[in-house]
Amino acid sequence: ISGISGFSFEIVENLPATGSTSKVYLKLKSPSETGDNIYTEYIFVNNKWEVIGDTSVSLDFLTNTEIG
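Our subject in this report is the structure included herewith. Counting restarts for each chain, with residues numbered from 1 along the sequence as it is written. In keeping with the model being predicted, local features are shown solely for residues with a pLDDT of at least 70 and side-chain atom pairs are shown and tallied solely at 80 or more, while totals for entire chains, interfaces and linings include all residues. Side-chain metrics rest on all non-hydrogen atoms present in the structure, leaving aside hydrogens and water.

## Structural notes on the overall build of the protein chain
So the rule is basically this: Helix and strand labels come from DSSP, where a helix needs a run of H or I of at least four residues and a strand needs a run of E of at least two; each type is numbered from the N terminus. Exposure classes here rest on a 1.4 Å probe applied to the protein chains alone. A residue is buried below 20% of its type maximum, exposed above 50%, and partly exposed in between. Two residues form a contact once any of their heavy atoms are found within 4.5 Å. Each accessible area is a Shrake-Rupley result for a 1.4 Å probe, and residues are judged covered by the shown protein chains and nothing else.
When helices and strands are tallied, the protein chain shows two helices and four strands. Reading the secondary structure of the protein chain in the N-to-C direction produces β-β-α-β-β-α. Considering the protein chain as a whole, with its 68 residues, one finds that 19% of them fall into the buried category. Sequence separation of 24 or more characterises 18% of the internal contacts of the protein chain that already satisfy a separation of 6 or more. Surface summary for the protein chain: the accessible area is close to 5,400 Å², and the carbon and sulfur share equals 50%.

## As for the pairing of strand 4 (residues 48-54)
The condition that has to hold: The pairing criterion is simple: DSSP has to find at least two bridges between the two strands.
Note: strand 3 (residues 39-45) against strand 4, six bridges, orientation antiparallel. The residue of strand 4 that forms the bridge with Ile 43 is Glu 50. What sits between the antiparallel neighbours strand 3 and strand 4 is a turn of two residues, in which Asn 46 has the positive phi angle 55 degrees.

## Observations concerning a nonpolar patch on the surface
The test is simple: For patch building, the residue pool is restricted to those with more than 30% relative accessible area and no salt bridge; the joining distance is 9 Å between like charges and 5 Å between nonpolar side chains (Val, Leu, Ile, Met, Phe, Trp, Tyr). What counts as a salt bridge is simple: a side-chain nitrogen of Lys or Arg found within 4 Å of a carboxyl oxygen of Asp or Glu.
A cluster of nonpolar residues, Val 57, Leu 59 and Phe 61, forms a patch on the protein surface that exposes about 430 Å² of accessible area. Within the fold, Leu 59 resides in the loop between strand 4 and helix 2 (64-67). The exposed category is assigned to Leu 59, whose relative accessible area is 64%.

Bear in mind that shape data such as this cannot, by itself, settle questions of function.
And the structure:
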């Protein structure tokens, strides 16, 4: 990963057998699962797929006490 200078993104219906190490693959989650257009983010590293997150946004606000 240290040799990667940037990432590109690709929306896919299904993950390919192998992937590019400089690409983040976005696969649509089931609308019944989320109710929105939310994608799971994958990278291909060490010859396998890894989930790195999703495109959902959380707007939970912190109080001054929680911030510290």
